[in-house]
Amino acid sequence: MNTIDEWGFVTGEEEPKPGTDPQPAPKPQPATGTGPGTGTGTDTGGPCPTRRARADTDRATTTPIERPTARPTTPRKPRAHRPAPTAHEPYEPQRAARAALTRILEPGDETAGRWLREMGPVALWHALSQTDVPPPLGAGLTKIAGLRLRAARARPAADLAAVAALGGRFICPGDDEWPGQLDDLGDARPIGLWVRGTANLRIWALRSVAVVGARACTEYGAHLAATLGAGLADRGWTIVSGAAYGIDGAAHRGALAADGPTVAVLASGVDHPYPRGHTELIDRIAEQGLLVAELPPGDHPTRSRFIQRNRVIAALTRGTVVVEAELRSGSLVTARRALALGRFTMGMPGPVTSGLSAGVHQLLRGEATVVTDADEVIELVGSIGDLAPERRGPTLAHDLLDPVARRVLEALPARGGADTEHVARESGTPRDLTRGKLFELQSLGFVQRCGECWELARRVNSTEGSRRGGT
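Predicted model, so just to flag it, every value in this text is computed and none were measured.

1. Things to note about helix H8 (residues 219–234)
Piece 1. The end-to-end C-alpha distance of H8 is 22 Å, a good match for the 22 Å that 16 residues give at a rise of 1.5 Å each.
Piece 2. Inspection of H8 places Gly221, Leu224, Ala225, Leu228, Gly229, Leu232 and Ala233 among the buried residues, and these make up the whole buried set. End-on view of H8: buried residues confined to an arc of 150°, all on one side of the axis. Facing away from the buried side of H8 by more than 90 degrees, the exposed set consists of Glu219, His223 and Asp234.
Piece 3. Tucked inside the fold, the buried residues of H8 contact strand S3 (208–213), strand S4 (238–241), helix H9 (247–257), strand S7 (319–323), strand S8 (344–348) and helix H14 (374–381).

What follows is the structure, given as structure tokens:
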């Protein structure tokens, strides 16, 4: 049976009761032997009361020691296999229990999440790891048997040391770095998160957008995802995705190329890059961004773990953008989970003939919003005032004319000319006003005068260099 030390908990050893320590030693006599009682030593304050008592007895035969009747409590030193206590020391039992539970329980298990909420991490860990402790209330015998098989291999101290060796950490609900929006998942909330990278996950998640999509994407989709990732990162937004092939990888690369923040939520341990073909990309994300996983170091992905990983992506971010997805796609699971959590759900449309965009188009027929670039995404998920620039076509010189001048211009025939009387009659404008407007139009290059007649100029340029009638 596991002991409290094997779990990685920080606990003190039982101290002797006051008044039971050896009394001050009598005045020593000259030593005459060569046995252990003749040595002199220094009390090192080690953690073992037995060794301390034996050392005190040995020294009592040689050197007088002034000692109080009750030994003051000495803090226990960490074992050699465990790193020194950190800032989380007061919560170490809960942290170690949660670390153990990540190896026992599957991500997103709402029944186990209810047990955790009702019992607390330490009590639940005891119930799953010790046969002499009653199982959680309402737990099935088959499920408990399986969980206890997993509990036998749980070594949270080793897992915590392994992630620390990678420069990572294990964060729990209640920590300063814990993103509070994950609590929206209720009993499906992660037990804890294993994190690699130096940035603060909670701070980065405050301004984050998920970009997901098809693994077997087209060049069009990869271009959109990379451009979107770079555009959002350049505006200070964090790109969150799953580091998979296709859209995920393109979005991460776009953010990295813009030297911006990006977070990869893995369906494996943070020391187990998956897919293998993205090992270099995942290593770059660990250096420049953050790797996040619910599974402990060394664990491998499964189909169900990919699905459950998507709920973390949806809950962690302000909104989810889907770039290319078939009708049966895990990306749509992420988008619909984001919608259920009250997050913004967006899609980038593609060709209507493309099966890789059929899932996105189906999503857009529901409650998702069409977006085409980073500005439109930020307008939805950003703060008040983060507005996308107004979309409009080129401004033509004709658009800048006042209504009377425009009416006079339209009264001129397309071919040939007309005198002032004809133009005034066709435009319904007094003759003197028509004559004044024709001179204005002449100065602007719209019309030209040929004797007593007026005709349209042969070429009129727009304010943005567009030809009349062209684009």
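2. A closer look at the sheet that holds strand S12 (residues 453–456)
Piece 1. One open sheet accounts for 3 strands, arranged S10-S12-S11; its pairing is antiparallel. Strands at the two margins of the open sheet, each flanked by one partner only, are strand S10 (418–419) and strand S11 (447–450).
Piece 2. Of the strand pairs in this sheet, S11 and S12 are connected by 4 bridges, and their pairing is antiparallel. Considered in S12, the bridge of Cys450 is made with Cys453.
Piece 3. Across the face of the sheet, helix H17 (residues 431–443) comes into contact with S11 and S12 while running at roughly 110° to S11.

3. A few points about the sheet that holds strand S5 (residues 262–266)
Piece 1. The 9 strands are arranged S1-S2-S6-S5-S4-S3-S7-S8-S9 in an open sheet whose pairing can be described as mixed. Where the open sheet ends on each side, the last strands, each with one partner, are strand S1 (168–171) and strand S9 (369–370).
Piece 2. Examined bridge by bridge, S3 and S7 share 5 bridges and lie parallel to one another. Paired with Val211 across the bridge in S7 is Val321.
Piece 3. Where H8 meets the sheet, it contacts S3, S4, S7 and S8, and its direction lies at approximately 150° from that of S7.
Piece 4. Contacts from H9 reach S3, S4, S5 and S7, with the element oriented near 140° to S3.

4. A closer look at the pattern of salt bridges
Piece 1. A complete count under the given rule lists 16 salt bridges for this structure.
Piece 2. The partner of Arg117 in a salt bridge is Asp187, and the shortest N-O contact between them spans 2.9 Å. With a gap of 70 residues between them, Arg117 in helix H3 (residues 110–119) and Asp187 in the loop between S1 and strand S2 (193–196) connect regions that are remote in the sequence.
Piece 3. Since its relative accessible area comes to 53%, Arg117 is described here as exposed.
Piece 4. Among the charged side chains, a salt-bridge network with shared partners connects Arg103, Asp159 and Asp299.

Reading the values: the criteria
Note on numbering: residues in each chain are counted from 1, in written sequence order. A pLDDT threshold of at least 70 governs which residues receive local features in this predicted model, and a stricter bar of 80 or more applies before side-chain atom pairs are shown or counted, although totals over entire chains, interfaces and linings include all residues. The side-chain values count all of the structure's non-hydrogen atoms but skip hydrogen atoms and water molecules. Per the convention used, a helix needs a DSSP run of H or I reaching at least four residues, while a strand needs a run of E reaching at least two, with both numbered from the N terminus. For a helix, the expected span equals 1.5 Å multiplied by the residue count minus one. Only protein chains enter the calculation, and the probe is 1.4 Å; a residue is then buried if its accessible area is under 20% of its type maximum, exposed if over 50%, and partly exposed in between. Note that the arc is defined by the directions from the helix axis to the C-beta atoms. In what follows, a contact means two residues having at least one pair of non-hydrogen atoms within 4.5 Å. Pairing between strands is defined by DSSP: at least two bridges between them are needed. What counts as an axis is a line fitted to C-alpha atoms, over the stretch in contact for a helix, and the angles between N-to-C directions run from 0 to 180 degrees. Every case where a carboxyl oxygen of Asp or Glu lies within 4 Å of a side-chain nitrogen of Lys or Arg is listed as a salt bridge.

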